[in-house]
Amino acid sequence: VQLQASGGGLVQAGGSLELSCAAFGLPFSDYYMGWFRQAPGKEREYVAAISWNGGSTYYGGSVKGRFTISRDNAKDTVYLRIHELRPEDTAVYYCAANLVFYNDYDPPVVKGPWGQGTQVTVSS
């Protein structure tokens, strides 16, 4: 069972980036998938989640409007597109499998594996 994240890099502020996370060895289409990020010196932060069929998407409060999560179940891959990048978006971005929402207020809990992370650095 493995999640492989890719697509990070050094980007200028205002640009866009698409991250990918390919899943191997798990029932991808059965799971809610999601993205989190961790900036230097900060706790890991919930970014976005998507339902098993892609019909519903959810976003953390700090990223609404600039981030778009999507998935392709035929490719066992989840994506995160980031628009209008800001220096404060600099972080390691992690994908995760089998997210569970227990209520309408708290971020989802990750019940499955995590990817290894991909670094996004935004220059001003």
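As the structure is a computational prediction, the values presented were derived from the model and not from experiment.

Draft legend 1. Spatial organisation of the side chain of Arg 71. With respect to the helices and strands, the residue Arg 71 is situated in strand E7 (residues 67–72). The charged side chain of Arg 71 is buried without a salt bridge, its nearest counter-charge being Asp 76 at 7.1 Å. Reaching out from Arg 71, the side chain makes a polar contact with the backbone oxygen of Trp 52 at a distance of 3.4 Å.

Draft legend 2. Structural view of the nonpolar core. Grouped together as the largest cluster of nonpolar side chains are 28 residues, with contacts concentrated most on Leu 3, Leu 19, Trp 35, Val 78, Leu 80 and Tyr 93. Mapped by element, the contributors of at least two residues to this core are strand E1 (2–6), strand E3 (17–24), strand E4 (33–38), strand E5 (45–50), E7, strand E8 (77–82), strand E9 (91–97) and strand E12 (118–123). Here Tyr 93 is in contact with Leu 19, Trp 35, Phe 36, Arg 37, Phe 67, Leu 80, Ile 82, Gly 117, Thr 118 and Val 120, once residues within four sequence places are set aside.

Draft legend 3. Here's a closer look at the layout of surface pockets. What the largest pocket holds in volume is close to 150 Å³. In terms of lining, the largest pocket is formed by Tyr 46, Tyr 58, Tyr 59, Gly 60, Gly 61, Phe 101, Asn 103, Asp 104, Tyr 105, Asp 106 and Pro 107. Tallied by class, residues from the lining of the largest pocket come to six nonpolar, three polar and two charged.

Draft legend 4. Molecular detail of the environment of Val 92. Inspection of the secondary structure assignment puts Val 92 in strand E9. Along the sequence, Val 92 and Gly 25 sit 67 residues apart, while their C-alpha atoms lie 24 Å from each other. Discounting chain neighbours no more than four positions away, the residues touching Val 92 are Phe 36, Arg 37, Gln 38, Gly 117, Thr 118 and Gln 119.

Draft legend 5. Structural view of the sheet that holds E4. Pairing within the open sheet is mixed, and its six strands lie in the order E2-E12-E9-E4-E5-E6. Pairing within the sheet leaves two strands with one partner each, and these edge strands are strand E2 (9–12) and strand E6 (57–59). Here the strands of the sheet are splayed against their neighbours by 25° on average, with no regard to which way each runs. Bridge count between E5 and E6: three bridges; the pairing is antiparallel. Counterpart to Ile 50 in the pairing with E6 is Thr 57.

The rules behind each value
Residues numbered from 1 in each chain as written. Predicted model: local features only at pLDDT ≥ 70, side-chain atom pairs only at ≥ 80, totals over all residues. Heavy atoms only, no water. Helix = DSSP H or I, 4+ residues; strand = E, 2+ residues; numbered from the N terminus. Buried < 20%, exposed > 50% of the residue type's maximum accessible area, 1.4 Å probe, protein only. Lys, Arg positive; Asp, Glu negative; His and termini not counted. Salt bridge = Lys/Arg side-chain N within 4 Å of Asp/Glu carboxyl O. Polar contact = N/O pair within 3.5 Å; in protein donor to acceptor, adjacent residues only side chain to side chain. Core = buried A, V, L, I, M, F, W, Y, C linked by side-chain atoms within 4.5 Å. Contact = heavy atoms within 4.5 Å. 1 Å grid on protein atoms, 1.4 Å probe; cavity = no way out; pocket = protein on both sides within 12 Å on 5 of 7 lines; lining within 4 Å. Points joined across faces, edges and corners; volume = space filled by probe spheres on them. Nonpolar A, V, L, I, M, F, W, Y, C, P; charged D, E, K, R; others polar. Pairing = 2+ DSSP bridges. Axes fitted to C-alpha atoms, helices over the stretch in contact; angles between N-to-C directions.

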